[in-house]
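# Topology and contacts: notes
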Amino acid sequence: MRRACVSAARAAACPRMSASLRKGHASIFAERLTSESHTVKRALTDPRLFSGIGNAYSDEILHRAKLSPVKLTRRLAPEETQRLFDATRAILIEWTDRLREETGDGFPEKVTAFRDAMAVHGRYGKPCPVCGSPVQRIRYADNETNYCPTCQTDGKLLADRALSRLLKEDWPRSLEELDEIKQR
Ligand SMILES: [Zn+2]
C-alpha cells in the first residue's frame, strides 16, 4: 500500500525518501529550527515551524537525539541539528508504523494509550530504557516535558518551577543531589 506523506514533519519522516530529497529536507529542517531563537522543545512543538510533532513526540525525539529540551536552537552545532533531524525522522517513522499496526489505517490522535512504549514521555520517575536513570520532568500549565538527565543534560536537573519554588535554595543541580535531598 502506498503511504501518503502529509505535513512538513511527516514528509521528512517518509521512509521511501531518496537520499538527495532527504538532504533537502534536512536543510529545510535546520532553516526552520533556527528561524527564531527558542528552546528546541518549543521549536519542535511550534506548529508554525513543524506541524504534527506535538508534546509526546518531541520528548521522544529529544531523548533519541540526546539533546536537552531547553537548549537554544541557535546554539546547536551543525552535528546536533543533523542528529535532531535524524531522530525526528526515526521517531516519526517508528511511531507511524507502530500505530498503524495497532489501529489499521490512519494516524490516531490518541497517543496517550501507547505511553508505555515510549522512552521518556509520560514516564516520570520510571527508568530510562537506555541508561536506567529515573526520567525527570518540567511542568508548565497542564503539560509536562519529560527527559533523561543522564542521556540529555549531562546529569543536570532542569528547573521545574513548581518544585524549585518548594525547594528554594535547595534546588538540586544533579541526580546525586536530588538523591541526597530525598534521603534527608
Ligand atoms: Zn537515559
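See the structure shown above.
These notes cover the structure that comes with them. (Residues numbered from 1 in each chain as written. Predicted model: local features only at pLDDT ≥ 70, side-chain atom pairs only at ≥ 80, totals over all residues.)

### Some remarks on helix H4 (residues 54–65)
With 12 residues, H4 extends 16 Å between its outermost C-alpha atoms, agreeing within 8% with the 16 Å of an ideal straight helix rising 1.5 Å per residue. Most of H4 is tucked away: 10 of the 12 residues are buried. Of the residues making up H4, those classed as buried are Ala56, Tyr57, Ser58, Asp59, Glu60, Ile61, Leu62, His63, Arg64 and Ala65. Contacts made by the buried residues of H4 are with helix H3 (40–45), helix H5 (78–103), strand E2 (143–147) and helix H6 (149–152). Just downstream of H4 lies Lys66, where phi reads positive at about 55 degrees. (Helix = DSSP H or I, 4+ residues; strand = E, 2+ residues; numbered from the N terminus. Expected span 1.5 Å × (residues − 1). Buried ≥ 20, exposed ≤ 12 C-beta atoms within 10 Å, placed from the backbone. Contact = placed C-beta atoms within 7 Å.)

### Description of the nonpolar core
Of all hydrophobic cores here, the largest spans 25 residues; its most connected members are Val40, Leu44, Tyr57, Ile61, Leu62, Val120 and Cys148. Counting only elements with at least two residues in this core, the list comes to helix H2 (19–33), H3, H4 and H5. In terms of residue count, the dominant contributor to this core is H4 (5 residues). Split by domain, this core shows at least three residues from each of two domains, domain 1 (1–113) and domain 2 (119–184). (Core = buried A, V, L, I, M, F, W, Y, C linked by C-beta atoms within 7 Å. Domains from an automatic or database assignment.)

### Focus: the environment of Glu60
Here Glu60 lies in helix H4. Separated by 27 residues in sequence, Glu60 and Ala87 have C-alpha atoms that sit 8.6 Å apart. With near-sequence residues (within four places) excluded, Glu60 lies in contact with Ile91, Met118, Ala119, Val120 and His121.

### What about H2?
For H2, built from 15 residues, the straight-helix expectation of 21 Å at 1.5 Å per residue is met to within 8% by its first-to-last C-alpha distance of 21 Å. Turning to H2, its buried residues number three or more, namely His25, Phe29 and Leu33. One side of H2 carries all its buried residues, which in axial view fall inside an arc of 70 degrees. Along H2, exposed side chains directed more than 90 degrees from the buried face belong to Ser20, Lys23, Ser27 and Glu31. (Arc of directions from axis to C-beta.)

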